[in-house]
Amino acid sequence: MPGFELFGDKERKEVQDVMDSGVLMRYGFDAMRNGHWKAKELETALEERMQSKYAHAISSGTAALTVALASAGIGAGDEVIMPTFTFVASFESILALGAVPVLVDIDDTLTLKPEAVEKAITSKTKVVMPVHMCGSMANLDALKAICDNHDLLLLEDACQAIGGTYDGKPLGSIGDLGCFSFDYVKTITCGEGGAVITKNESYYQNAHKYSDHGHDHIGNNRGAEDHPFLGYNFRISEMNAAVGVAQLSRLDEFIAIQKRNYTILREALSSIPELVFRTVPDGGEENYSFLNFFLPSEDIAQKAHQALTDHGVDGCFYWYNNNWHYYKKWEHLTEMKSLGNLPKDVKESLPDYSKADFSESDKWMSRNISCLIKLGWSEEEVTVRADKMVEAIKASL
Ligand SMILES: *Cc1c(COP(=O)(O)O)cnc(C)c1O
């Protein structure tokens, strides 16, 4: 990834269709659009590819998370369990609804630790939101069992793992709701975009209405539509959806390239006994967008990260020090730096994250290095990269 590396004729043709009709809006303008409904086409393709009854395309992955939660009736005071390692969008989408993000430790899968989830459940918990970080998944069997036992919703954030599978099923399709992002740096990109998938008809009906001001989308006259409930504008444009249609049709091609590149690097790194790869739960298959591994100590991981840069190996991340993906740098959340007043429920219920103990997460994150797998690399480039990586890491031990 990212998918933009391989933009080509398919993407151009889809965008040209939209420009030729001039209809950049996903609803209405039936006579003008020459039969082009790119957002709908994207949704149908997603339903098929993700083996999901319903898909709703949307303006971003962050919007997808908000809409997914809203569609299931999550609101003020409800608690949503999420991991310490994710993108800031996880808590933003929860806070946007006046709900409370409850951070929970990760384990060596780099995703939610099921035992920690179980411990964090209270009478206000409504949703467990695993985030399939860097192309691989949470232990979904264990999380599903917890959700079933406690009558909670399972919402999969599959924004970074599109195309990965668990027990043969596409990631995102296993929980009650699943979310994807098609932002500019994701495996499938359309500039800005995202999607919610679900098997639940009422969540789907709520999702498409909520993301278009509560319009009911009944009949052809937009001005005559009813508003069964309050909503917002999280619509995807036809331009973005058109790029998404082309990119999604290439998902299997992209995953195959990522898998080839990933496998070359992984085989080379396997020669280092001190290096341990991230655990992928039984029955899971990554989408190969990142190669993740642990080194024996924080010190060695930091040294290795620096050595990789010094050896000219770009695209390797030490997330432990990263501003966007780990709770340690989320001062805006932990210090509640909101522009206006936060809802009362959030102020009263948000745990004091400045005092929280996430030493289990620290233990894994401080030793983790995560290397982006690019689509544009030739086999020869990957082989050269593999040699440099082995050299850099060995020199750091
Ligand atoms: C990218 C991402 C999002 C948000 O997607 P946007 O389309 O950028 O809003 C949410 N969760 C995860 C894990 C992501 O990586």
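Along each chain, the written sequence defines residue order, and numbers are assigned to residues from 1. Residue-level local features of this predicted model are given only where pLDDT is at least 70; pairs of side-chain atoms are given and counted only at 80 or more, and the full residue set underlies all totals for whole chains, interfaces and linings. For the side-chain quantities, the full set of heavy atoms in the structure was used; hydrogens and water were omitted.

J.: What is the right way to read the overall build of the protein from this model?
T.: The helix count covers DSSP runs of H or I at least four residues long, the strand count covers runs of E at least two residues long, and both are numbered beginning at the N terminus. Broken down by element type, the protein carries 14 helices and 14 strands. Atoms counted for the radius of gyration: C-alpha only. Globule rule: 2.2 Å times the number of residues to the power 0.38. Compactness check: the protein gives a C-alpha radius of gyration of 21 Å against a globular reference of 21 Å for 397 residues, within 12% of the reference. Considering only C-alpha atoms, the protein reaches an extent of 70 × 55 × 40 Å along its principal axes. Only protein chains enter the accessibility calculation, which uses a 1.4 Å probe. A residue is then buried if its area is under 20% of the maximum for its type, exposed if over 50%, and partly exposed in between. Out of the 397 residues belonging to the protein, those deemed buried represent 56%. Whether two residues are in contact is decided by their heavy atoms, any of which lying within 4.5 Å being enough. Of all intrachain contacts in the protein linking residues separated by at least 6 positions in sequence, the fraction that spans at least 24 positions is 69%. Approximately 16,400 Å² of the protein is accessible, and the part contributed by carbon and sulfur atoms is 51%. What sets the accessible areas is the Shrake-Rupley method with a 1.4 Å probe; for residues, cover comes only from the shown protein chains.

J.: Which parts of the structure should I look at to understand the side chain of Thr 109?
T.: Structurally, the position occupied by Thr 109 is in the loop between strand S3 (100-104) and helix H5 (114-120). With a relative accessible area of 6%, Thr 109 lands in the buried category. Each polar contact in these results corresponds to two N or O atoms within 3.5 Å; when the atoms are within protein, one needs to be able to donate a hydrogen and the other to accept it, and residues that are neighboring in sequence are counted only if both atoms are side-chain atoms. For Thr 109, the side chain forms a polar contact with the side chain of Asp 107, separated by 2.6 Å. Within the structure, Thr 109 has its side chain in polar contact with the side chain of Thr 111 (distance 2.7 Å). Every residue in contact with Thr 109, bar those within four places of it in the chain, is listed here: Met 137, Arg 278, Thr 279 and Pro 281.

J.: Sorry, what's going on with the site of the ligand here?
T.: Residues in contact with the ligand amount to 14 residues; listed here are only the nearest, Gly 61, Thr 62, Ser 181, Asp 183 and Lys 186. Here an oxygen atom of the ligand and a backbone polar atom of Gly 61 are 2.7 Å apart. Lys 186 places a side-chain nitrogen or oxygen 3.1 Å from an oxygen atom of the ligand. A total of 380 Å² of accessible area belongs to the ligand in isolation, and the protein chains cover 94% of it. Definition of nearness: a residue and a molecule or strand are near each other if at least one heavy atom of the residue lies within 4 Å of the molecule or strand.

J.: Even after reading the chapter, I still don't get helix H10 (residues 298-310), so can you show me in this structure?
T.: An α-helix turns once every 3.6 residues. As a result, residues three or four positions apart point the same way. To estimate how far a helix should reach, multiply one less than its number of residues by 1.5 Å. Along its 13 residues, H10 runs 18 Å from first to last C-alpha, staying within 8% of the 18 Å computed at 1.5 Å per residue. Those residues of H10 not exposed but buried are Ile 300, Ala 301, Ala 304, Ala 307 and Leu 308. For H10, the angular spread of buried residues about the axis comes to 125°, placing them on one side. Looking at H10, the residues exposed on the side facing more than 90 degrees away from the buried face are Asp 299 and Asp 310. Of the surrounding elements, those touching the buried residues of H10 are strand S13 (316-317), strand S14 (368-372) and helix H14 (379-396). For this quantity, the arc is that covered by the directions from the helix axis to the C-beta atoms.

J.: Before we go on, may I ask you to explain the UniProt feature "modified residue: N6-(pyridoxal phosphate)lysine" (unreviewed entry) in the protein in this structure?
T.: What UniProt calls "modified residue: N6-(pyridoxal phosphate)lysine" (unreviewed entry) maps, in this numbering, to Lys 186. Its place among the elements puts Lys 186 in the loop between strand S8 (177-181) and strand S9 (194-198). Judged by its relative accessible area of 11%, Lys 186 is buried. Beyond its immediate sequence surroundings of up to four residues, Lys 186 is in contact with Met 1, Pro 2, Gly 3, Cys 159, Gln 160 and Ser 181. UniProt positions are given in the numbering used here, feature names are shortened, and annotations may be inferred rather than shown by experiment.

J.: I'm lost on the sheet that holds strand S12 (residues 290-294) in this one. Help?
T.: The strands making up a sheet associate through backbone hydrogen bonding, with each pair oriented either parallel or antiparallel. Only strands joined by at least two bridges in the DSSP assignment are considered to pair. An order of S10-S12-S14-S13 is seen for the four strands of this open sheet, with the pairing classed as antiparallel. Single-partner strands in this sheet number two, and they are strand S10 (276-277) and S13. Pairing geometry for S12 and S14, over five bridges, is antiparallel. Paired with Phe 294 across the strands is Asn 368, a residue of S14. Each axis is a line fitted through C-alpha atoms, taken for helices only over the stretch in contact, and angles between the N-to-C directions span 0 to 180 degrees. Against the sheet, H10 touches S13 and S14, its axis set at about 25° to S14.

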